[in-house]
Amino acid sequence: MTSGIRPTTSPADLDGLDLVAEYGTGLQTTRVHRAQDGGFLWWHRPGAQRTGPLTAPAAHLVPYLPAETGAALLAVPERVGDGLLHRAAGAASAAAWLRDFRPSARGLVSHSLASAARALRVLHRVPVPDDVPLGTPPGLTRLRDWAYGTSELKDRTLAVWGEERMARLLGWTTDLGPTSDAAGTGRARSLVHGWASVGALIPPLSRGRVALLTGEDLAAGRPELDLGWALGDLVELAWAARAVAPPHDCTDLQRVLLDAYGPGPDPVLVGRSVVLRVVTHMQDFATYRGWDDELLDYIALTAELIDEEGRSAVPRGAQGVS
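Note that this is a predicted model, so its numbers are computed, not measured.

## Here's the deal with the nonpolar core
Thought 1: Residues Leu113, Leu134, Leu191 and Leu234 are the most contacted members of the largest nonpolar core, which totals 61 residues.
Thought 2: When sequence neighbours within four positions are dropped, the list of residues in contact with Leu134 reads Ala58, Leu61, Val128, Arg189, Leu191, Leu218, Ala219 and Ala220.

Listed below in structure tokens is the structure:
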């Protein structure tokens, strides 16, 4: 296991380093600095609409995976100020690389997704101690808070979805959460990444390992949640680029992820997790960036995804679903 979070860096240490990228929302801000050793430092801090520092109380549970395993490095953070600092060999996420339509960029993303899948499979096998404060993944908690709260997005969404779709979605958050056994397998809960998005997946810029930034969202739940989270990003990116010629299909990348993970996951739960990911992104955008008319298209997309339970995002015949 890793030794957990170590406060070995201060905000002042980062001030003297080159700033490569900076962006954020009301939920979280990100600054990427070039490290003196040639790598990159990813500093996440709470956004303006968030109270309290970022924490990763279960980071010590994350295993170190040697490079020869072919798995991504599960990069746990150290505390820096009110945020968390991750070290990686790249300055851009797989999400950013997916906007580059060159074959070499797509190959890099494919390699990174396969590495992430291998790492997630190991993570999901880590026993969950009873004395570690693991609960529902924060993304699912925000989704449920939105569904039970009041907002313009919720009103507009219900006008299209209806109450029945919303109820189904909320049921899926329970099925994939820390205590449910939706498939009736008797399987114990798993340690899950909680936010296994392509935005947290960092390919190396030149040399070095693929990194999956891990820690803050660690939770207990079904392993299908992490797989569906990554697949949901691919579905959304393909949908957002639907006007691009040729169409930006991601089926091959979806298959790469599932094949590299291997057999076992329930395809129904993977598909439902895809839907949860896209809806979570939709509501996070509205909550932490504000209303945009593009969200009307998202409402229509998510209604279709709920109706088909995300099945189109789970390629038939992929090895990673049973």
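## Some thoughts on the confidence of the model for the protein
Thought 1: In the predicted model, the protein carries a mean pLDDT of 91, and the fraction of residues at 70 or more is 92%.
Thought 2: Note that residues 1-5 has pLDDT below 50 and, in this model, 19 contacts with residues that lie over four places away or in other chains.

## Points about the sheet that holds strand S4 (residues 73-75)
Thought 1: Pairing in this open sheet of 3 strands is mixed, and the strands run S4-S9-S8 from one edge to the other. Both edges of this open sheet fall to S4 and strand S8 (201-202), since each of them pairs with a single strand only.
Thought 2: Note that S8 and strand S9 (residues 211-213) share 2 bridges and pair antiparallel. Bridge pairing in S9 links Leu201 to Leu212.

## Thoughts on helix H7 (residues 224-240)
The periodicity of an α-helix, 3.6 residues per turn, causes residues three or four positions apart to be oriented the same way.
Thought 1: Given a rise of 1.5 Å per residue, 17 residues ought to cover 24 Å, and the 24 Å separating the end C-alpha atoms of H7 matches this to within 8%.
Thought 2: For H7, the tally of buried residues reaches 16 of 17 residues, placing the bulk of the element in the interior.

## Things to note about the packing of helix H6 (residues 163-175) against helix H10 (residues 294-308)
Thought 1: At a minimum axis distance of 10 Å, the contact between H6 and H10 shows a crossing angle of 65°. By the angle between their directions, the pair H6 and H10 is classed as roughly perpendicular. Judged by the sense of rotation from one axis to the other, the crossing of H6 with H10 is left-handed. Two secondary-structure elements touch here, H6 through Arg165, Arg168, Leu169 and Trp172 and H10 through Ala303, Ile306 and Asp307.
Thought 2: By residue class, the composition of the contact of H6 with H10 is 4 nonpolar, no polar and 3 charged.

What counts, and at which threshold
- Residues numbered from 1 in each chain as written.
- Predicted model: local features only at pLDDT ≥ 70, side-chain atom pairs only at ≥ 80, totals over all residues.
- Heavy atoms only, no water.
- Core = buried A, V, L, I, M, F, W, Y, C linked by side-chain atoms within 4.5 Å.
- Buried < 20%, exposed > 50% of the residue type's maximum accessible area, 1.4 Å probe, protein only.
- Contact = heavy atoms within 4.5 Å.
- pLDDT = per-residue confidence, 0-100.
- Pairing = 2+ DSSP bridges.
- Helix = DSSP H or I, 4+ residues; strand = E, 2+ residues; numbered from the N terminus.
- Expected span 1.5 Å × (residues − 1).
- Axes fitted to C-alpha atoms, helices over the stretch in contact; angles between N-to-C directions.
- Parallel < 35°, antiparallel > 145°, perpendicular 65-115°, else oblique.
- Left-handed = near helix turned anticlockwise from the far one by under 90°.
- Nonpolar A, V, L, I, M, F, W, Y, C, P; charged D, E, K, R; others polar.

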